Amino acid sequence: SQQGEEDPQALSIQEGENATMNCSYKTSINNLQWYRQNSGRGLVHLILIRSNEREKHSGRLRVTLDTSKKSSSLLITASRAADTASYFCATDKGSSNTGKLIFGQGTTLQVKP
Amino acid sequence: GAGVSQSPSNKVTEKGKDVELRCDPISGHTALYWYRQSLGQGLEFLIYFQGNSAPDKSGLPSDRFSAERTGGSVSTLTIQRTQQEDSAVYLCASSFSGHSSYGYTFGSGTRLTVV
């Protein structure tokens, strides 16, 4: 079963609107990461939030983490057409020392100009 | 190098043939990971290398799949007697160490099509 599961599976918004994606996971973690993928190829690391952090910002990205609910959200503010991509959350397992990440199924975001 | 390099970028092979996929990680990154992604799906973990050793190969789907890493650098993923269900994008990532807090740098992947 997936360690991380994203919701919604697909999201379509107008340019300028905010996009919110959610991720749930099952086990304890050291950190949770968000990645972006364009055109089904390599993923790009966006942001990492540690288990002792509740919120983190990077440019137009805001990530929250609720370890009691085992969930995270990624907010993209003032979206642009160039933000169109798939977004994945990834978690390690708190007991693991391999750095292995488990990825969710992803949210496909379409931003219409 | 400046990024993670994978080759070939695309590979079409006949069912039953063997294929080799190559990954050249960022210089100095000791950890290397292989994932595969089927169309429209998430990433499925295959194998993890720390240096030349593979302490976690739990994701390899069958004994037709093998991987090695030499000189703590280049890694090769080999699929023997390919089947149509092996068709996917194979992604390689490297990290500064085998600790998740460093995040991954991914290559652009190899799209494998078995016909």
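Residues numbered from 1 in each chain as written. Chains lettered and ligands numbered in written order. Predicted model: local features only at pLDDT ≥ 70, side-chain atom pairs only at ≥ 80, totals over all residues. Heavy atoms only, no water.

S.K.: Mind showing me how you'd approach the overall build of chain A here?
M.R.: Looking only at helices and strands, one finds zero helices and eleven strands in chain A. Listed by position from the N terminus, the elements making up chain A come as β-β-β-β-β-β-β-β-β-β-β. In terms of C-alpha radius of gyration, chain A reaches 13 Å, essentially the compact-globule figure of 13 Å for 113 residues. Overall, chain A is about 45 × 25 × 20 Å in size when its C-alpha atoms are taken along their principal axes. Counting all 113 residues of chain A, 46% fall into the buried class. A separation threshold of at least 6 residues defines the contact pool for chain A, and within that pool the share at least 24 residues apart is 57%. Side chains of chain A carry 14 positive and 10 negative charges; the gap between the two charge centres is 5 Å. (Helix = DSSP H or I, 4+ residues; strand = E, 2+ residues; numbered from the N terminus. Rg over C-alpha atoms; globule rule 2.2 N^0.38 Å. Buried < 20%, exposed > 50% of the residue type's maximum accessible area, 1.4 Å probe, protein only. Contact = heavy atoms within 4.5 Å. Lys, Arg positive; Asp, Glu negative; His and termini not counted. Charge placed at Lys NZ, Arg CZ, Asp CG, Glu CD.)

S.K.: Help me understand the interface of chain B and chain A, please; the structure alone is not making it clear to me.
M.R.: Where interface size is given, it is often the accessible area lost as the parts come together that is meant. Counting from both sides, the interface comprises 26 residues of chain B and, opposite them, 23 residues of chain A. Roughly 1800 Å² is buried in total at the junction of chain B and chain A, and carbon and sulfur atoms are behind 48% of that figure. Here chain B is connected to chain A by one salt bridge. With a closest N to O distance of 3.2 Å, Lys 100 of chain A and Asp 56 of chain B form a salt bridge. At the junction of chain B and chain A, the tally comes to eight residue pairs in polar contact (both at pLDDT 80 or more). Within the residue set of the side of chain B that touches chain A, elements represented by two or more residues are strand S4 (31-37), strand S5 (43-50), strand S9 (88-95) and strand S11 (110-114) of chain B. For the side of chain B that touches chain A, the class distribution of residues is nine nonpolar, 15 polar and two charged. (Buried area = accessible area lost by both parts, 1.4 Å probe. Salt bridge = Lys/Arg side-chain N within 4 Å of Asp/Glu carboxyl O. Polar contact = N/O pair within 3.5 Å; in protein donor to acceptor, adjacent residues only side chain to side chain. Nonpolar A, V, L, I, M, F, W, Y, C, P; charged D, E, K, R; others polar.)

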